[in-house]
Amino acid sequence: MSDRRRAGRFSRESGEEFERWIERHHREALRLGIVAGEVEHNVPHTRMVYGQLIYERSGLADYTGILFNGHGSHLAVEAKKRRGDLLKSEVKIRQADHLDAVSRAGGLALLLVRFVEGMDHPRADGFVTEHAVRWTEVPWRIRKSAESVAAEDLAPWRVSPESACYLEPFCPVRGVPPPDLPTRRYPRE
């Protein structure tokens, strides 16, 4: 297998693993009563043109939900996985506008970033770190010629590897976790 294919496979697999990590944390948020219902994973708007999937425009933040804080505040989370610095321009304008609107309205808007260091170590200690920071507090810096943020800039917001829910530090108010959802019943023929 060529180096290029190996790098592509690693990138895809680590991206899928990051999505599973986020889903585990969101299930735990539901169990703890942090969110009032399932956190939705939003996908970009696409269409098929001559058998190819074309991305028309970015959607809202990657994940949205309702916090169980007595006010039903909105939750918006933009998730990114990067090797090296994360450029501010990688957050699409529509997504940034959505995060700004949620913040202005009193909701919780977060940037969730996984930094991956070292290509041959998909989950080795010290090579992967996750950081959750309020969108309005992201310490963007101009490096080279563009605004960006690096793992060391987000060190105060690092998610502990032992943490089961990255939302816990942001959500001190808890609600009653929803009862187990009933299993789907199919009509008998």
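Along each chain, residues carry numbers from 1 onward, in the same order as the chain's sequence is written. Owing to the predicted nature of the model, reporting of local features is limited to residues with pLDDT of at least 70; listing and counting of side-chain atom pairs is limited to 80 or more, with chain, interface and lining totals taken over all residues. Only hydrogens and water are removed before side-chain values are computed, so all heavy atoms of the structure are retained for them.

Visitor: Got a minute to help me understand a nonpolar patch on the surface in this structure?
Guide: Excluding any residue in a salt bridge, patches collect residues exceeding 30% relative accessible area, merging like charges within 9 Å and nonpolar Val, Leu, Ile, Met, Phe, Trp and Tyr side chains within 5 Å. Computed with a 1.4 Å probe, the accessible areas rest on the Shrake-Rupley method; for each residue, only the protein chains presented here act as cover. Counted as salt bridges are all cases of a side-chain nitrogen of Lys or Arg within 4 Å of a carboxyl oxygen of Asp or Glu. Residues Met48, Leu53 and Tyr55 make up a contiguous nonpolar surface patch of roughly 370 Å² in combined accessible area. A run of H or I in DSSP becomes a helix once it reaches four residues, and a run of E becomes a strand once it reaches two; helices and strands are each numbered from the N terminus. Within the fold, methionine 48 resides in strand E2 (residues 45–49).

Visitor: Hey, could you run me through the sheet that holds strand E8 (residues 128–134) in this one?
Guide: What links the strands of a sheet is backbone hydrogen bonding, and the strands pair in either a parallel or an antiparallel sense. DSSP calls a pair of strands paired once it identifies at least 2 bridges connecting them. The sheet built from five strands is open, its strands ordered E1-E4-E5-E7-E8 with mixed pairing. In this open sheet, the two strands that pair with only one neighbour each are strand E1 (40–41) and E8. In terms of strand pairing, E1 meets strand E4 (residues 63–66) through two bridges, oriented antiparallel. Bridge assignment links histidine 41 to a residue of E4, and that residue is tyrosine 63.

Visitor: How should the sheet that holds strand E9 (residues 141–143) be read in this particular structure?
Guide: Across the sheet, three strands lie side by side as E6-E10-E9; this open sheet has antiparallel pairing. A single partner strand is all that each edge strand has here, and the edge strands are strand E6 (86–87) and E9. In the sheet, E6 pairs with strand E10 (residues 146–149) via two bridges, with the strands oriented antiparallel. Residue pairing in the sheet places leucine 86 in a bridge with valine 149 of E10.

Visitor: Help me understand the pattern of salt bridges in this model?
Guide: One pass over the structure, following the stated rule, counts eleven salt bridges. The partner of arginine 114 in a salt bridge is glutamate 17, with the nearest N and O atoms 2.5 Å apart. Of this pair, arginine 114 sits in strand E7 (residues 108–116) while glutamate 17 sits in helix H1 (residues 3–32); the two residues are 97 residues apart in sequence, bridging distant segments of the chain. With its nearest N and O atoms 2.6 Å apart, the salt bridge here joins glutamate 28 to arginine 31. Highlighted residues: glutamate 28 and arginine 31, both in helix H1, separated by three residues, approximately one helical turn. For glutamate 28, a relative accessible area of 17% translates into the label buried. The buried label applies to any residue whose accessible area, calculated with a 1.4 Å probe on protein chains only, is under 20% of its type's maximum; exposed applies above 50%, and partly exposed to all values in between.

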